[in-house]
Amino acid sequence: MHCLYPISRHTFIEFFSYKLIMHFGQHSSAVFSSILRKLSMPLMLAFAMLCATQSAHASDPPATSAGSVLFPEYERYFRIKSNALVNAALVPNIGVEAAFDKHFSFEAQLMYSPFTVARNYKLRILATQPELRYWTRDNKSGHFVGVHCTVAGFNVAFNDVRYQDPNHALWGLGLSYGWSRFLDKRRRWSVEFMVGVGYMNYSYDAYCNVPNGQKIGSGGGGYWGLTKAGISFSYNIGCHRKK
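For the structure given in this document, a descriptive report is provided here. (Residues numbered from 1 in each chain as written. Predicted model: local features only at pLDDT ≥ 70, side-chain atom pairs only at ≥ 80, totals over all residues. Heavy atoms only, no water.)

Looking at the packing of aromatic side chains
Condition: Working definition: rings of Phe, Tyr and Trp (its six-membered ring) pair if their centres are within 6.5 Å, and the pair is stacked with planes under 30 degrees apart, edge-to-face with planes over 60 apart, and tilted otherwise. Secondary structure follows DSSP: runs of H or I at least 4 residues long count as helices, runs of E at least 2 residues long count as strands, and numbering of each begins at the N terminus. Buried residues are those whose accessible area, probed at 1.4 Å on protein chains only, stays under 20% of the maximum for their type, while exposed residues exceed 50% and partly exposed ones sit between those limits.
If you walk through the whole model with that rule in mind, you get 9 aromatic pairs. Taking 5.4 Å as the distance between ring centres and 80° as the angle between the ring planes, the aromatic pair formed by Y163 and Y204 counts as edge-to-face. Pair noted here: Y163 is in strand 7 (residues 161–164) and Y204 is in strand 9 (residues 189–208), with a separation of 41 residues, a long-range link. Taken as a pair, Y163 and Y204 share a single burial class, namely buried. Where W189 meets Y235, the ring centres are 5.1 Å apart and the plane angle is 65°; that geometry is what we call edge-to-face. Placement of the pair is W189 in strand 9 and Y235 in strand 10 (residues 215–237), with a sequence separation of 46 residues. An aromatic cluster of three or more residues is present, and its members are F100, F104 and Y134.

Right, here's the structure in full:
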């Protein structure tokens, strides 16, 4: 069987941006290795900021039962969240967010989809988007801006063509803006709206979308545009009212 579907850079970009997803390849060990390499620097920077914050609090009074030196009661919280828009795209996801300063928090989101939706539509994805956020008022609600990176492996099929990352992950950097508010008086639940733009770099191999389909091309390039969007619902731990 011959695969006649045209391959072009624009075809791939349009398909990728339209789905708003990051994709998972079958060769998971190579993808995991690539993801860990690309995440090492952002995680080291986040850890360095955490250590600097802890050092700044070193001369503060000892912690009390109401809170800790690093996470005073008016600052501390931990959120478990999920992005409803990404879930609607058939990509289950979960995220966590924690504060380490009055105005700063760190979020990490994991997206995974193993689905073969139909014979000609496959959606296999493993992606993560860690983000460092600055809150204009405090780190519980209101407006925030963030810097995020994207790392993803993919194996997706659409009509006659299957796209697969060639043993290394897609990566990108971007800036985001969002707004969050509590949904109840006890501050256990909150909703968040956010959008991000930036750059992504990708490479792919294209195959005929049939069992053991032959390789018909390769490509890659850069993409500037939407890198993140969502409506997330969170369960909050430790978001108490200020006394």
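Quick word on the pairing of strand 6 (residues 142–158)
Note the cut-off: Pairing between two strands requires that DSSP report at least two bridges joining them.
Of all 17 residues making up strand 6, 13 are buried, and the element is well covered by its neighbours. As judged from the 8 bridges shared by strand 4 (residues 121–128) and strand 6, these two strands associate in the antiparallel manner. Paired with L126 across the two strands is G153, which belongs to strand 6. Bridge analysis of strand 5 (residues 131–135) against strand 6 gives 5 bridges, and the strand direction is antiparallel. Looking at the pairing, R133 lines up with G146 of strand 6. Bridge count for strand 6 against strand 8 (residues 170–182) is 11 bridges, and the pairing is antiparallel. Across the sheet, residue F144 finds its bridge partner in strand 8, namely G178.

Limitation: the analysis is restricted to geometry and does not speak to function.
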